[in-house]
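Examination of the molecular architecture
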Amino acid sequence: MSETSASSLTSHADAAFQICITPSCRSTFSVDEVHVACPKCGNLLDIDYDWNRLPVPSSLRDFEARWATRNNPLDFSGVWRFRDLLRFAPDKSIVTIGEGQTMLRGSSPVAKFVGLNAGNLLMQHEGLNPSGSFKDNGMTAATTHARLIGARSVACASTGNTSASLAIYGSATGLFDVIVFVGSGKIAFGKLSQALDYGALTLQIQGDFDDALKQVREVCRREGIYLCNSVNPFRLEGQKTIMLRVLEGLNWEVPDWIVVPGGNLGNSSAFGKAFLELKELGLIDRIPRLAVINAAGANTLYQLFEEQGIRWNSGETDDVLIDGFFAKMDEEDRHASTLASAIEINRPVSLRKCLRALDICDGVVRQVSDQEILDAKAQIGAGGFGCEPASAASVAGAKLLREEGVIAASDRVVCILTGHQLKDPNATVGYHSSSPGDMDKKLAERGISAVQFANLPVPVENDLDQILETIRRRTS
Ligand SMILES: *Cc1c(COP(=O)(O)O)cnc(C)c1O
Ligand SMILES: [Zn+2]
(Lines give C-alpha, C1' and ligand atoms only; values in the text may rest on other atoms or scores of the structure.)
(Ligands and ions follow the chains in the order given, each with its own letter.)
Protein backbone atom coordinates (compact mmCIF):
# COMPACT_ATOMS: atom_id res chain seq x y z
CA MET A 1 0.00 0.00 0.00
CA SER A 2 2.83 2.38 -0.76
CA GLU A 3 2.04 5.82 -2.12
CA THR A 4 3.43 5.01 -5.52
CA SER A 5 1.20 1.99 -5.94
CA ALA A 6 -1.85 3.91 -4.70
CA SER A 7 -1.55 6.64 -7.28
CA SER A 8 0.05 4.92 -10.24
CA LEU A 9 -1.77 1.60 -10.48
CA THR A 10 -4.93 3.16 -11.76
CA SER A 11 -6.42 6.59 -12.03
CA HIS A 12 -9.44 7.48 -9.89
CA ALA A 13 -11.73 8.02 -12.86
CA ASP A 14 -11.24 4.45 -14.06
CA ALA A 15 -12.09 2.69 -10.85
CA ALA A 16 -14.67 4.94 -9.16
CA PHE A 17 -18.09 5.74 -10.52
CA GLN A 18 -21.52 7.00 -9.46
CA ILE A 19 -24.38 4.53 -9.48
CA CYS A 20 -28.13 4.81 -8.84
CA ILE A 21 -29.35 2.87 -5.78
CA THR A 22 -32.59 1.70 -7.50
CA PRO A 23 -32.06 -2.00 -8.38
CA SER A 24 -34.11 -1.76 -11.57
CA CYS A 25 -32.18 1.34 -12.72
CA ARG A 26 -28.54 1.05 -11.63
CA SER A 27 -27.51 3.76 -14.11
CA THR A 28 -23.86 4.68 -13.78
CA PHE A 29 -22.11 8.00 -14.24
CA SER A 30 -18.53 9.13 -14.20
CA VAL A 31 -17.17 10.82 -11.07
CA ASP A 32 -16.35 13.76 -13.33
CA GLU A 33 -20.07 14.54 -13.55
CA VAL A 34 -22.16 16.43 -11.00
CA HIS A 35 -25.48 14.92 -9.94
CA VAL A 36 -27.59 15.27 -6.83
CA ALA A 37 -30.04 12.59 -7.98
CA CYS A 38 -30.20 9.92 -10.67
CA PRO A 39 -31.09 11.72 -13.92
CA LYS A 40 -33.05 8.64 -15.04
CA CYS A 41 -35.21 7.79 -12.02
CA GLY A 42 -34.60 10.55 -9.46
CA ASN A 43 -33.36 8.28 -6.67
CA LEU A 44 -30.13 8.80 -4.72
CA LEU A 45 -26.69 7.98 -6.13
CA ASP A 46 -23.87 6.05 -4.49
CA ILE A 47 -20.16 6.22 -5.16
CA ASP A 48 -18.94 2.73 -5.97
CA TYR A 49 -15.58 1.26 -6.88
CA ASP A 50 -14.11 -1.43 -9.05
CA TRP A 51 -12.08 -2.78 -6.15
CA ASN A 52 -10.13 -5.19 -8.34
CA ARG A 53 -8.45 -2.23 -9.95
CA LEU A 54 -7.61 -0.43 -6.72
CA PRO A 55 -4.82 -1.15 -4.27
CA VAL A 56 -6.79 -2.21 -1.21
CA PRO A 57 -4.91 -3.19 1.96
CA SER A 58 -5.01 -6.81 2.98
CA SER A 59 -5.65 -5.89 6.61
CA LEU A 60 -7.03 -2.79 8.35
CA ARG A 61 -3.88 -2.85 10.45
CA ASP A 62 -1.94 -1.87 7.32
CA PHE A 63 -3.33 1.66 7.74
CA GLU A 64 -1.26 2.03 10.91
CA ALA A 65 1.80 2.57 8.68
CA ARG A 66 0.46 6.05 7.98
CA TRP A 67 0.74 7.09 11.63
CA ALA A 68 4.49 7.33 10.98
CA THR A 69 4.06 9.72 8.02
CA ARG A 70 1.82 12.32 9.61
CA ASN A 71 3.84 15.13 8.08
CA ASN A 72 1.97 14.30 4.88
CA PRO A 73 -1.37 16.16 5.28
CA LEU A 74 -3.21 13.25 3.65
CA ASP A 75 -1.83 10.84 6.24
CA PHE A 76 -2.52 13.30 9.07
CA SER A 77 -6.20 13.56 8.08
CA GLY A 78 -8.46 11.09 9.91
CA VAL A 79 -10.43 10.83 6.69
CA TRP A 80 -7.75 10.58 4.02
CA ARG A 81 -5.42 8.21 5.76
CA PHE A 82 -8.11 5.72 4.71
CA ARG A 83 -8.21 7.10 1.15
CA ASP A 84 -7.75 3.65 -0.39
CA LEU A 85 -11.37 3.01 0.63
CA LEU A 86 -12.71 6.22 -0.96
CA ARG A 87 -10.46 6.55 -3.97
CA PHE A 88 -12.56 8.83 -6.20
CA ALA A 89 -9.99 11.61 -6.57
CA PRO A 90 -6.25 11.73 -7.18
CA ASP A 91 -4.14 12.85 -4.21
CA LYS A 92 -3.44 16.22 -5.78
CA SER A 93 -7.17 17.13 -5.80
CA ILE A 94 -7.81 16.30 -2.17
CA VAL A 95 -8.98 19.17 0.05
CA THR A 96 -8.04 18.66 3.69
CA ILE A 97 -7.87 20.92 6.73
CA GLY A 98 -6.80 18.26 9.22
CA GLU A 99 -10.25 16.83 9.93
CA GLY A 100 -10.85 13.60 11.79
CA GLN A 101 -8.51 14.03 14.78
CA THR A 102 -11.25 12.53 16.90
CA MET A 103 -11.22 9.89 19.57
CA LEU A 104 -13.02 6.94 21.04
CA ARG A 105 -13.15 6.91 24.81
CA GLY A 106 -15.08 5.03 27.47
CA SER A 107 -16.84 6.51 30.46
CA SER A 108 -17.86 4.41 33.44
CA PRO A 109 -20.42 6.90 34.78
CA VAL A 110 -22.14 7.03 31.39
CA ALA A 111 -21.96 3.22 31.08
CA LYS A 112 -23.70 2.99 34.44
CA PHE A 113 -26.34 5.52 33.38
CA VAL A 114 -27.04 3.49 30.22
CA GLY A 115 -27.03 0.19 32.15
CA LEU A 116 -23.98 -1.38 30.56
CA ASN A 117 -21.14 -3.21 32.24
CA ALA A 118 -18.22 -0.94 33.08
CA GLY A 119 -16.01 -0.46 30.05
CA ASN A 120 -18.70 -1.39 27.53
CA LEU A 121 -19.95 2.09 26.66
CA LEU A 122 -17.67 4.01 24.33
CA MET A 123 -18.20 7.40 22.80
CA GLN A 124 -16.74 8.56 19.51
CA HIS A 125 -16.18 12.28 19.96
CA GLU A 126 -16.76 13.78 16.50
CA GLY A 127 -17.18 17.22 18.07
CA LEU A 128 -13.39 17.45 17.99
CA ASN A 129 -13.37 18.14 14.25
CA PRO A 130 -12.15 21.56 13.02
CA SER A 131 -15.68 23.00 12.83
CA GLY A 132 -16.88 21.07 15.88
CA SER A 133 -19.05 18.40 14.27
CA PHE A 134 -18.81 15.19 12.28
CA LYS A 135 -19.88 17.13 9.17
CA ASP A 136 -16.22 17.86 8.39
CA ASN A 137 -15.72 14.18 7.51
CA GLY A 138 -18.17 14.63 4.67
CA MET A 139 -17.29 18.16 3.70
CA THR A 140 -13.65 17.32 3.03
CA ALA A 141 -14.89 14.75 0.51
CA ALA A 142 -17.55 16.99 -1.07
CA THR A 143 -15.14 19.90 -1.47
CA THR A 144 -12.57 17.50 -2.92
CA HIS A 145 -15.09 16.55 -5.58
CA ALA A 146 -16.01 20.22 -6.09
CA ARG A 147 -12.33 20.97 -6.72
CA LEU A 148 -12.00 17.94 -8.98
CA ILE A 149 -14.75 19.21 -11.29
CA GLY A 150 -13.53 22.83 -11.07
CA ALA A 151 -16.35 24.39 -9.02
CA ARG A 152 -15.75 27.88 -7.63
CA SER A 153 -19.02 28.42 -5.75
CA VAL A 154 -20.45 25.96 -3.24
CA ALA A 155 -23.68 26.06 -1.21
CA CYS A 156 -25.72 24.15 1.32
CA ALA A 157 -28.84 24.34 3.46
CA SER A 158 -28.29 23.61 7.09
CA THR A 159 -29.65 23.31 10.61
CA GLY A 160 -26.26 24.83 11.48
CA ASN A 161 -23.40 22.37 11.44
CA THR A 162 -23.32 21.75 7.70
CA SER A 163 -23.04 25.49 7.12
CA ALA A 164 -20.31 25.86 9.76
CA SER A 165 -18.40 23.04 8.11
CA LEU A 166 -18.74 24.26 4.54
CA ALA A 167 -17.86 27.80 5.65
CA ILE A 168 -14.61 26.67 7.28
CA TYR A 169 -13.58 24.66 4.20
CA GLY A 170 -14.15 27.77 2.12
CA SER A 171 -12.20 30.11 4.37
CA ALA A 172 -9.39 27.73 5.32
CA THR A 173 -8.58 26.81 1.72
CA GLY A 174 -9.57 29.93 -0.19
CA LEU A 175 -10.75 27.65 -2.97
CA PHE A 176 -14.47 28.46 -2.93
CA ASP A 177 -17.09 31.14 -2.40
CA VAL A 178 -19.53 29.75 0.14
CA ILE A 179 -23.28 30.41 0.36
CA VAL A 180 -25.24 28.89 3.24
CA PHE A 181 -29.02 28.78 3.73
CA VAL A 182 -30.34 28.49 7.28
CA GLY A 183 -33.88 28.52 8.68
CA SER A 184 -34.61 31.72 10.56
CA GLY A 185 -34.74 31.57 14.33
CA LYS A 186 -33.96 27.84 14.29
CA ILE A 187 -30.21 27.78 14.35
CA ALA A 188 -28.12 27.41 17.53
CA PHE A 189 -25.96 30.50 18.07
CA GLY A 190 -22.64 28.66 18.18
CA LYS A 191 -23.26 27.42 14.65
CA LEU A 192 -24.54 30.70 13.24
CA SER A 193 -21.53 32.46 14.72
CA GLN A 194 -19.22 30.12 12.80
CA ALA A 195 -20.82 30.71 9.40
CA LEU A 196 -20.54 34.46 9.97
CA ASP A 197 -17.02 34.33 11.35
CA TYR A 198 -15.74 32.16 8.47
CA GLY A 199 -17.11 34.68 6.04
CA ALA A 200 -19.84 32.71 4.26
CA LEU A 201 -22.70 34.53 2.59
CA THR A 202 -25.38 33.52 5.11
CA LEU A 203 -29.02 33.60 3.99
CA GLN A 204 -31.60 33.26 6.73
CA ILE A 205 -34.72 31.88 5.06
CA GLN A 206 -38.13 32.53 6.59
CA GLY A 207 -38.82 28.86 7.22
CA ASP A 208 -37.29 25.67 8.54
CA PHE A 209 -34.54 23.37 7.28
CA ASP A 210 -36.84 21.52 4.88
CA ASP A 211 -37.75 24.87 3.26
CA ALA A 212 -34.12 25.98 3.08
CA LEU A 213 -33.07 22.73 1.38
CA LYS A 214 -35.78 23.06 -1.23
CA GLN A 215 -34.61 26.59 -2.06
CA VAL A 216 -30.90 25.81 -2.20
CA ARG A 217 -31.47 22.88 -4.54
CA GLU A 218 -33.27 25.13 -6.98
CA VAL A 219 -30.70 27.92 -6.67
CA CYS A 220 -27.84 25.48 -7.33
CA ARG A 221 -29.63 23.97 -10.32
CA ARG A 222 -30.27 27.37 -11.90
CA GLU A 223 -26.94 29.01 -11.12
CA GLY A 224 -24.65 26.02 -11.57
CA ILE A 225 -23.49 26.25 -7.95
CA TYR A 226 -22.03 23.09 -6.41
CA LEU A 227 -24.44 21.63 -3.82
CA CYS A 228 -22.92 20.22 -0.63
CA ASN A 229 -25.94 18.79 1.14
CA SER A 230 -25.96 15.07 1.79
CA VAL A 231 -27.86 14.41 -1.45
CA ASN A 232 -24.27 14.80 -2.65
CA PRO A 233 -23.02 11.20 -2.62
CA PHE A 234 -19.37 12.17 -2.12
CA ARG A 235 -20.07 13.50 1.36
CA LEU A 236 -21.08 10.08 2.60
CA GLU A 237 -17.79 8.60 1.37
CA GLY A 238 -15.93 10.81 3.82
CA GLN A 239 -18.33 9.92 6.62
CA LYS A 240 -17.54 6.22 6.17
CA THR A 241 -14.21 6.91 7.86
CA ILE A 242 -15.91 7.64 11.20
CA MET A 243 -16.46 3.89 11.39
CA LEU A 244 -12.86 3.20 10.42
CA ARG A 245 -11.67 5.37 13.29
CA VAL A 246 -14.06 3.60 15.65
CA LEU A 247 -12.54 0.27 14.60
CA GLU A 248 -9.07 1.77 14.95
CA GLY A 249 -9.98 2.91 18.49
CA LEU A 250 -11.02 -0.67 19.28
CA ASN A 251 -7.75 -2.09 17.96
CA TRP A 252 -9.67 -3.17 14.82
CA GLU A 253 -12.27 -5.19 16.72
CA VAL A 254 -15.89 -4.84 15.64
CA PRO A 255 -18.22 -3.60 18.42
CA ASP A 256 -21.70 -5.08 18.98
CA TRP A 257 -23.62 -1.85 18.46
CA ILE A 258 -23.22 1.52 16.78
CA VAL A 259 -25.76 4.06 18.08
CA VAL A 260 -26.20 7.28 16.14
CA PRO A 261 -28.69 10.16 16.12
CA GLY A 262 -30.76 10.35 12.94
CA GLY A 263 -31.58 13.62 11.20
CA ASN A 264 -31.12 13.66 7.44
CA LEU A 265 -29.81 10.10 7.83
CA GLY A 266 -26.56 10.64 5.95
CA ASN A 267 -24.38 9.39 8.78
CA SER A 268 -26.30 6.16 9.38
CA SER A 269 -26.35 5.58 5.61
CA ALA A 270 -22.59 6.06 5.37
CA PHE A 271 -21.97 3.70 8.29
CA GLY A 272 -23.99 0.90 6.68
CA LYS A 273 -22.15 1.37 3.39
CA ALA A 274 -18.78 1.32 5.17
CA PHE A 275 -19.50 -1.95 6.94
CA LEU A 276 -20.87 -3.63 3.82
CA GLU A 277 -17.74 -2.68 1.87
CA LEU A 278 -15.38 -3.74 4.65
CA LYS A 279 -17.14 -7.10 4.90
CA GLU A 280 -17.08 -7.63 1.14
CA LEU A 281 -13.39 -6.74 1.03
CA GLY A 282 -12.71 -9.26 3.79
CA LEU A 283 -11.39 -6.55 6.11
CA ILE A 284 -13.90 -7.36 8.89
CA ASP A 285 -15.51 -10.68 9.69
CA ARG A 286 -18.85 -9.42 11.01
CA ILE A 287 -21.02 -6.33 10.88
CA PRO A 288 -22.16 -4.54 14.08
CA ARG A 289 -25.82 -3.77 14.69
CA LEU A 290 -26.96 -0.22 14.08
CA ALA A 291 -29.40 1.81 16.18
CA VAL A 292 -30.65 5.08 14.68
CA ILE A 293 -32.21 7.41 17.23
CA ASN A 294 -34.78 10.04 16.26
CA ALA A 295 -36.00 12.87 18.46
CA ALA A 296 -39.68 12.24 19.18
CA GLY A 297 -40.50 15.62 17.61
CA ALA A 298 -38.80 14.66 14.32
CA ASN A 299 -39.50 10.96 14.05
CA THR A 300 -40.18 10.20 10.38
CA LEU A 301 -37.76 7.27 10.27
CA TYR A 302 -39.16 5.83 13.50
CA GLN A 303 -42.70 6.02 12.19
CA LEU A 304 -41.87 4.53 8.80
CA PHE A 305 -39.53 1.78 10.01
CA GLU A 306 -40.93 0.75 13.38
CA GLU A 307 -44.60 1.63 13.07
CA GLN A 308 -45.36 1.18 9.37
CA GLY A 309 -42.83 -1.62 8.85
CA ILE A 310 -41.16 -0.03 5.80
CA ARG A 311 -38.04 -1.97 4.81
CA TRP A 312 -35.26 -1.65 2.24
CA ASN A 313 -36.63 -4.80 0.65
CA SER A 314 -33.70 -5.25 -1.78
CA GLY A 315 -34.27 -1.72 -2.99
CA GLU A 316 -37.96 -2.20 -3.79
CA THR A 317 -39.11 0.21 -1.08
CA ASP A 318 -42.83 0.73 -0.66
CA ASP A 319 -42.87 4.16 -2.29
CA VAL A 320 -46.66 4.42 -2.29
CA LEU A 321 -46.65 4.18 1.49
CA ILE A 322 -43.66 6.53 1.85
CA ASP A 323 -45.10 9.14 -0.51
CA GLY A 324 -48.47 8.85 1.24
CA PHE A 325 -46.77 9.48 4.58
CA PHE A 326 -45.21 12.73 3.33
CA ALA A 327 -48.43 13.82 1.59
CA LYS A 328 -50.27 13.45 4.88
CA MET A 329 -47.52 15.36 6.67
CA ASP A 330 -48.01 18.27 4.26
CA GLU A 331 -51.79 18.06 4.51
CA GLU A 332 -51.63 18.27 8.30
CA ASP A 333 -48.90 20.93 8.04
CA ARG A 334 -46.73 19.00 10.48
CA HIS A 335 -43.25 20.40 11.12
CA ALA A 336 -40.34 18.93 13.02
CA SER A 337 -39.98 20.28 16.54
CA THR A 338 -37.22 19.38 18.97
CA LEU A 339 -34.61 21.10 21.10
CA ALA A 340 -32.07 18.89 19.34
CA SER A 341 -31.94 21.31 16.42
CA ALA A 342 -29.39 19.29 14.41
CA ILE A 343 -31.95 16.52 13.96
CA GLU A 344 -35.01 18.74 13.64
CA ILE A 345 -35.81 17.33 10.20
CA ASN A 346 -39.02 15.72 8.97
CA ARG A 347 -38.00 14.89 5.40
CA PRO A 348 -34.71 13.00 5.69
CA VAL A 349 -33.02 13.12 2.29
CA SER A 350 -31.11 9.86 2.79
CA LEU A 351 -34.15 7.89 3.92
CA ARG A 352 -33.75 5.09 1.38
CA LYS A 353 -30.03 4.73 1.95
CA CYS A 354 -30.68 4.56 5.68
CA LEU A 355 -33.23 1.78 5.13
CA ARG A 356 -30.48 -0.05 3.27
CA ALA A 357 -28.05 0.53 6.16
CA LEU A 358 -30.62 -0.82 8.63
CA ASP A 359 -30.91 -3.89 6.42
CA ILE A 360 -27.13 -4.36 6.22
CA CYS A 361 -26.67 -3.92 9.97
CA ASP A 362 -29.80 -5.67 11.29
CA GLY A 363 -30.70 -2.26 12.65
CA VAL A 364 -33.37 -0.79 14.88
CA VAL A 365 -34.86 2.70 15.18
CA ARG A 366 -36.01 4.37 18.38
CA GLN A 367 -37.32 7.79 19.37
CA VAL A 368 -36.43 9.69 22.54
CA SER A 369 -38.01 12.78 24.08
CA ASP A 370 -36.27 16.12 24.54
CA GLN A 371 -36.35 15.42 28.27
CA GLU A 372 -34.46 12.15 27.79
CA ILE A 373 -32.02 13.87 25.44
CA LEU A 374 -31.15 16.65 27.89
CA ASP A 375 -30.83 14.27 30.84
CA ALA A 376 -28.48 12.07 28.81
CA LYS A 377 -26.53 15.14 27.71
CA ALA A 378 -25.99 16.19 31.32
CA GLN A 379 -24.71 12.70 32.14
CA ILE A 380 -22.36 12.74 29.15
CA GLY A 381 -21.02 16.09 30.35
CA ALA A 382 -20.59 14.84 33.92
CA GLY A 383 -18.83 11.78 32.47
CA GLY A 384 -16.12 13.96 30.98
CA PHE A 385 -17.44 14.53 27.48
CA GLY A 386 -19.39 17.41 26.13
CA CYS A 387 -21.86 17.32 23.27
CA GLU A 388 -24.74 19.24 21.80
CA PRO A 389 -28.32 18.05 22.39
CA ALA A 390 -28.73 16.06 19.14
CA SER A 391 -25.64 14.00 19.93
CA ALA A 392 -27.03 12.96 23.31
CA ALA A 393 -29.92 11.22 21.53
CA SER A 394 -27.45 8.38 20.93
CA VAL A 395 -26.84 7.80 24.64
CA ALA A 396 -30.53 8.28 25.49
CA GLY A 397 -31.36 5.74 22.77
CA ALA A 398 -28.79 3.24 24.05
CA LYS A 399 -30.32 3.54 27.52
CA LEU A 400 -33.78 2.86 26.12
CA LEU A 401 -32.59 -0.17 24.14
CA ARG A 402 -30.83 -1.45 27.25
CA GLU A 403 -34.06 -1.09 29.26
CA GLU A 404 -35.93 -2.98 26.55
CA GLY A 405 -33.34 -5.75 26.67
CA VAL A 406 -32.49 -5.27 22.98
CA ILE A 407 -28.96 -4.33 24.04
CA ALA A 408 -27.41 -6.63 26.68
CA ALA A 409 -25.33 -5.32 29.61
CA SER A 410 -22.38 -7.28 28.23
CA ASP A 411 -22.63 -5.79 24.71
CA ARG A 412 -19.93 -3.40 23.57
CA VAL A 413 -21.71 -0.23 22.47
CA VAL A 414 -20.32 2.78 20.60
CA CYS A 415 -22.36 5.99 20.72
CA ILE A 416 -21.50 8.66 18.19
CA LEU A 417 -21.24 12.14 19.70
CA THR A 418 -21.90 14.11 16.55
CA GLY A 419 -21.33 17.69 17.67
CA HIS A 420 -19.43 19.74 20.24
CA GLN A 421 -20.87 20.94 23.51
CA LEU A 422 -20.16 24.61 22.70
CA LYS A 423 -22.40 24.56 19.63
CA ASP A 424 -25.49 25.20 21.70
CA PRO A 425 -24.59 26.69 25.09
CA ASN A 426 -28.13 28.00 25.59
CA ALA A 427 -29.49 24.47 25.91
CA THR A 428 -26.78 23.53 28.39
CA VAL A 429 -27.02 26.64 30.55
CA GLY A 430 -30.83 26.50 30.37
CA TYR A 431 -30.81 22.98 31.77
CA HIS A 432 -28.32 23.66 34.54
CA SER A 433 -29.97 26.94 35.55
CA SER A 434 -33.43 25.41 35.90
CA SER A 435 -35.14 23.98 38.94
CA PRO A 436 -38.51 22.21 39.09
CA GLY A 437 -40.46 25.34 39.98
CA ASP A 438 -38.35 27.65 37.85
CA MET A 439 -37.69 26.21 34.41
CA ASP A 440 -35.76 27.97 31.67
CA LYS A 441 -38.38 29.45 29.32
CA LYS A 442 -37.08 27.79 26.13
CA LEU A 443 -36.91 24.42 27.86
CA ALA A 444 -40.38 24.80 29.36
CA GLU A 445 -41.78 25.56 25.89
CA ARG A 446 -40.47 22.17 24.79
CA GLY A 447 -42.16 20.36 27.63
CA ILE A 448 -39.07 19.89 29.80
CA SER A 449 -40.30 19.72 33.38
CA ALA A 450 -37.50 17.98 35.28
CA VAL A 451 -33.79 18.64 35.52
CA GLN A 452 -32.62 15.73 37.65
CA PHE A 453 -28.94 16.22 36.75
CA ALA A 454 -28.86 20.03 36.92
CA ASN A 455 -25.68 21.53 38.34
CA LEU A 456 -27.03 24.92 39.36
CA PRO A 457 -24.76 27.94 39.43
CA VAL A 458 -24.57 29.26 42.97
CA PRO A 459 -25.04 33.00 43.45
CA VAL A 460 -22.87 34.44 46.19
CA GLU A 461 -22.11 37.92 47.48
CA ASN A 462 -18.81 39.55 46.60
CA ASP A 463 -17.56 38.78 50.11
CA LEU A 464 -14.72 36.42 51.04
CA ASP A 465 -16.35 35.00 54.18
CA GLN A 466 -19.55 34.23 52.35
CA ILE A 467 -17.64 32.66 49.48
CA LEU A 468 -15.64 30.43 51.84
CA GLU A 469 -18.74 29.52 53.81
CA THR A 470 -20.57 28.57 50.60
CA ILE A 471 -17.68 26.43 49.34
CA ARG A 472 -17.38 24.63 52.69
CA ARG A 473 -21.11 24.00 52.84
CA ARG A 474 -21.16 22.62 49.27
CA THR A 475 -18.06 20.44 49.47
CA SER A 476 -18.33 18.94 52.95
C1 LIG B 1 -26.09 16.76 11.07
C2 LIG B 1 -26.13 16.33 12.48
C3 LIG B 1 -26.86 15.21 12.91
C4 LIG B 1 -27.69 14.41 11.97
O5 LIG B 1 -26.93 13.62 11.11
P6 LIG B 1 -27.58 13.03 9.77
O7 LIG B 1 -26.46 12.48 9.03
O8 LIG B 1 -28.23 14.19 9.10
O9 LIG B 1 -28.59 12.03 10.23
C10 LIG B 1 -26.79 14.83 14.23
N11 LIG B 1 -26.08 15.54 15.12
C12 LIG B 1 -25.36 16.62 14.76
C13 LIG B 1 -24.61 17.38 15.80
C14 LIG B 1 -25.38 17.05 13.45
O15 LIG B 1 -24.68 18.14 13.10
ZN1 LIG C 1 -31.87 5.67 -11.26
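Protein coordination at the zinc ion (ligand 2) comes from C20 (SG), C25 (SG), C38 (SG) and C41 (SG), with a distance range of 2.3 Å. Bound by four donor atoms, the zinc ion (ligand 2) shows angles of 95 to 118° at the metal and therefore tetrahedral coordination geometry. All donors of the zinc ion (ligand 2) belong to a single chain; written as a sequence motif, their spacing is C-x4-C-x12-C-x2-C. Of this pair, C25 sits in the loop between β1 (16-20) and β2 (28-30) while C38 is found in the loop between β2 and β3 (45-49), placing the two residues 13 residues apart along the sequence.

With that settled, the discussion passes to the pattern of salt bridges. Throughout the structure, instances matching the rule amount to 31 salt bridges. For E388, the salt bridge goes to K191, with nearest N and O atoms at 2.6 Å. With a gap of 197 residues between them, E388 in the loop between α14 (370-382) and α15 (389-404) and K191 in helix α7 (residues 189-197) connect regions that are remote in the sequence. In terms of burial, E388 and K191 fall into one category: buried. With a shortest N-O distance of 2.7 Å, K273 and E237 are connected by a salt bridge. Placement of the pair is K273 in helix α10 (residues 266-280) and E237 in helix α9 (residues 233-249), with a sequence separation of 36 residues. On the accessibility criterion, K273 (10% relative accessible area) is buried. Accessibility expressed as a relative area gives 1% for E237, which makes it buried. Taken together, the salt bridges that share partners define one network made up of R66, D75, R83, D84, R87 and D91.

Let us look at helix α18 (residues 464-475). Along an α-helix, residues three or four apart share an orientation, since each turn contains 3.6 residues. Over its 12 residues, α18 runs 16 Å from end to end, which matches the ideal 16 Å to within 8%, given 1.5 Å per residue. Within α18, only one of the 12 residues are buried, which leaves the element largely exposed. For α18, the capping residue at the N-terminal end is D463, with a side-chain oxygen 3.2 Å from the backbone nitrogen of D465.

Okay, the site of ligand 1 next. In the vicinity of ligand 1 there are 15 residues, among which K135, N161, G263, N264 and T418 approach most closely. Contact between ligand 1 and N267: an oxygen atom at 2.8 Å from a main-chain N or O atom of the residue. Contact with the protein chains covers 96% of the free accessible surface of ligand 1, which is 390 Å². Here the residues of the shell around ligand 1 are counted per class, giving five nonpolar, eight polar and two charged.

Okay, the confidence of the model for the protein next. With 97% of its residues at a pLDDT of 70 or more, the protein shows a mean pLDDT of 94. A low-confidence stretch, residues 1-10 stays under pLDDT 50, and its non-local contacts, those more than four residues away or across chains, total 18 contacts.

What counts, and at which threshold
Residues numbered from 1 in each chain as written. Chains lettered and ligands numbered in written order. Predicted model: local features only at pLDDT ≥ 70, side-chain atom pairs only at ≥ 80, totals over all residues. Heavy atoms only, no water. Donors = N, O, S within 2.8 Å, 3.2 Å for Na, K, Ca; no water. Tetrahedral: all angles 85-135°; square planar, octahedral: opposite > 155°, others 65-115°. Helix = DSSP H or I, 4+ residues; strand = E, 2+ residues; numbered from the N terminus. Salt bridge = Lys/Arg side-chain N within 4 Å of Asp/Glu carboxyl O. Buried < 20%, exposed > 50% of the residue type's maximum accessible area, 1.4 Å probe, protein only. Expected span 1.5 Å × (residues − 1). Polar contact = N/O pair within 3.5 Å; in protein donor to acceptor, adjacent residues only side chain to side chain. Near = heavy atom within 4 Å. Areas by Shrake-Rupley, 256 points an atom, 1.4 Å probe, with all protein chains shown as cover. Nonpolar A, V, L, I, M, F, W, Y, C, P; charged D, E, K, R; others polar. pLDDT = per-residue confidence, 0-100. Contact = heavy atoms within 4.5 Å.

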